[in-house]
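If you want the building blocks of each chain, they are given just below.
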Amino acid sequence: MIVLGIETSCDETAASIIKGERGKIKILSHIIASQIKTHSLYGGVVPEVAARQHVLNIVPVIDVALRQAKIKPAKIDVISVTRGPGLITSLRVGTQAAKTLAYLWDKKLVGLNHMEGHIYANWYNNPQIKFPVLCLVVSGGHTELILMKKHNNYKLIGRTRDDAAGEAFDKVAKLLSLGYPGGPKVQAMAEKGNPTAFDFPRPMINYKNFDFSFSGLKTSVLYLLKKEFNNKKAPVADICASFQQAVTDVLISKTLAAAKTFRVKNVLLAGGVAANGPLREKLGEEIKNNLPGVGYYFPPLKLCTDNAAMIAIAGYFQAQKKNFTTWKKLEPDPNWELI
Ligand code: KG4
Ligand code: ZN
């Protein structure tokens, strides 16, 4: 089955062609027109600007995805597009493009949940994933522990009560004037710093549930900067390393506890923060050392942050079950929660 994936939920215009065969996925093209440079001028995504960029980029991006994959429209079986959650004006560009092409080319449509796309990036190269699965979903808007007993079946085990992990990275980067998006900048700075230099709180780490909270951690960084350094000459690398250590400690501790409680066979990682090197390394190590018999799979880096291959992969699994969306029902839903 050949799937065209389209993703425009936030600030990346992306299209990808994948081929799925008996659960095995081949990525034939993977195109992303990034708007990071445009939005970094403002320190974050400006929805109106993002929508205009999507309008300019969507047709060329899909065109390049088709050419690079050497696929003619007639060969496409399904068009899978992000229907939500995200910015309404951004989502509208992708869904409208998908509807138009589906109408012109007479194709089946899947209106996909963006977070389902992030989760299914794990199935790239990993058809052997075994249920029950626990997935730690960590992006700019979400921090959740999700239990899956079978494909496309989700149970929410825990979630953040305030800021998402990615949001905390972005806010701390802003406090330290590191730029946007914050996660990669904080990670790069942290490499030069001492993770035990500052003892930031590990919010809710000892609570007997699987919820998270990250807004207090960000506030601790703010107070440290104001009180101890009066915003001058702060040891940025040490702050980044200590902050990153605190976030990863909490994420890993809760994930391990949930994996034990729900006796899962595999642990997965999803969302932009899944690109974080220390999180990937330590989570893998901890699972190996503490959860005998439990396997773990992480998406390759290029499939962690927003992209269209993950939307195509998840669309492929939906299409196999014939879970198609009608042309009329393919409307963007900015607040669509997976669970
Ligand atoms: O999944 P994503 O690309 O977009 C959303 O669906 O939200 O996630 C973006 C988030 C941002 O908050 C960004 O700072 C974070 O992922 N991120 C990272 C890293 N790369 C991206 N956080 C920590 N370390 C990274 N290397
Ligand atoms: Zn995302």
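First things first, this report covers the structure right here in the doc. All residue numbers refer to positions counted from 1 along the written sequence of the respective chain. Following the order in which they are written, the chains are lettered starting with A and the ligands numbered starting with 1. Residue-level local features of this predicted model are given only where pLDDT is at least 70; pairs of side-chain atoms are given and counted only at 80 or more, and the full residue set underlies all totals for whole chains, interfaces and linings. With hydrogens and water stripped out, all remaining heavy atoms of the structure feed into the side-chain values.

Notes on the packing of aromatic side chains
Two numbers describe a pair of aromatic rings. These are the distance of the centres and the angle of the planes. In plain terms, the rule: Stacked, tilted and edge-to-face are the three classes assigned to paired rings of Phe, Tyr and Trp, where Trp is represented by its six-membered ring and a pair needs centres within 6.5 Å; plane angles under 30 degrees give stacked, over 60 edge-to-face, the rest tilted. Helix and strand assignments follow DSSP, with helices taken as H or I runs no shorter than four residues and strands as E runs no shorter than two, numbered in order from the N terminus. Summary of the burial criterion: residues with accessible area below 20% of their type's maximum are buried, those above 50% are exposed, and those between are partly exposed, where the area comes from a 1.4 Å probe applied to protein chains only. Placement of a positive charge over a ring is assigned whenever Lys NZ or Arg CZ falls within 6 Å of the ring centre and within 35 degrees of the normal to the ring plane.
The full count for this structure, using the stated rule, is 12 aromatic pairs. On the basis of an interplanar angle of 80° and a centroid distance of 5.2 Å, the ring pair of Phe-169 and Phe-243 is categorised as edge-to-face. Placement of the pair is Phe-169 in helix 5 (residues 165-175) and Phe-243 in helix 8 (residues 236-261), with a sequence separation of 74 residues. Grouping residues by exposure puts Phe-169 and Phe-243 together as buried. Note on Phe-198 and Phe-229: the rings are 6.2 Å apart at their centroids and 85° apart in plane angle, and the pair reads as edge-to-face. In this pair, Phe-198 is assigned in the loop between helix 6 (182-190) and helix 7 (215-228) and Phe-229 in the loop between helix 7 and helix 8, connecting sequence segments 31 residues apart. A residue is classified by how much of its surface remains accessible, and Phe-198, at 16% relative accessible area, is buried. Grouping aromatic residues by their ring pairs yields a cluster made of Tyr-120, Trp-123, Phe-131, Tyr-316 and Phe-317. When the ring centre of Phe-324 is taken as reference, the NZ or CZ atom of Lys-108 above it lies at 5.4 Å.

Overview of the side chain of Glu-144
In plain terms, the rule: His is not counted, nor are the chain ends, whereas Lys and Arg count as positive and Asp and Glu as negative. The rule for a salt bridge is simple: a side-chain nitrogen of Lys or Arg has to be within 4 Å of a carboxyl oxygen of Asp or Glu. It only takes one pair of heavy atoms within 4.5 Å for two residues to be counted as in contact.
With respect to the element layout, Glu-144 can be found in strand 7 (residues 143-148). Among buried Asp, Glu, Lys and Arg side chains, Glu-144 stands out as unpaired, with Arg-159 the closest opposite charge at 6.4 Å. Setting aside residues no more than four positions away along its own chain, Glu-144 makes contact with Cys-135, Leu-136, Val-137, Leu-156, Gly-158, Arg-159 and Glu-337.

Section: a nonpolar patch on the surface
Test applied: Here, patches come from residues exposed beyond 30% relative accessible area and free of salt bridges, joined within 9 Å for like charges and within 5 Å for nonpolar side chains (Val, Leu, Ile, Met, Phe, Trp, Tyr). Surface accessibility follows the Shrake-Rupley procedure with a 1.4 Å probe radius. Residue values consider only the protein chains on display as shielding.
On the surface, Tyr-103, Leu-104 and Trp-327 cluster together into a nonpolar patch covering about 400 Å² of accessible area. Tracing the chain through its elements places Tyr-103 in helix 3 (residues 88-105).

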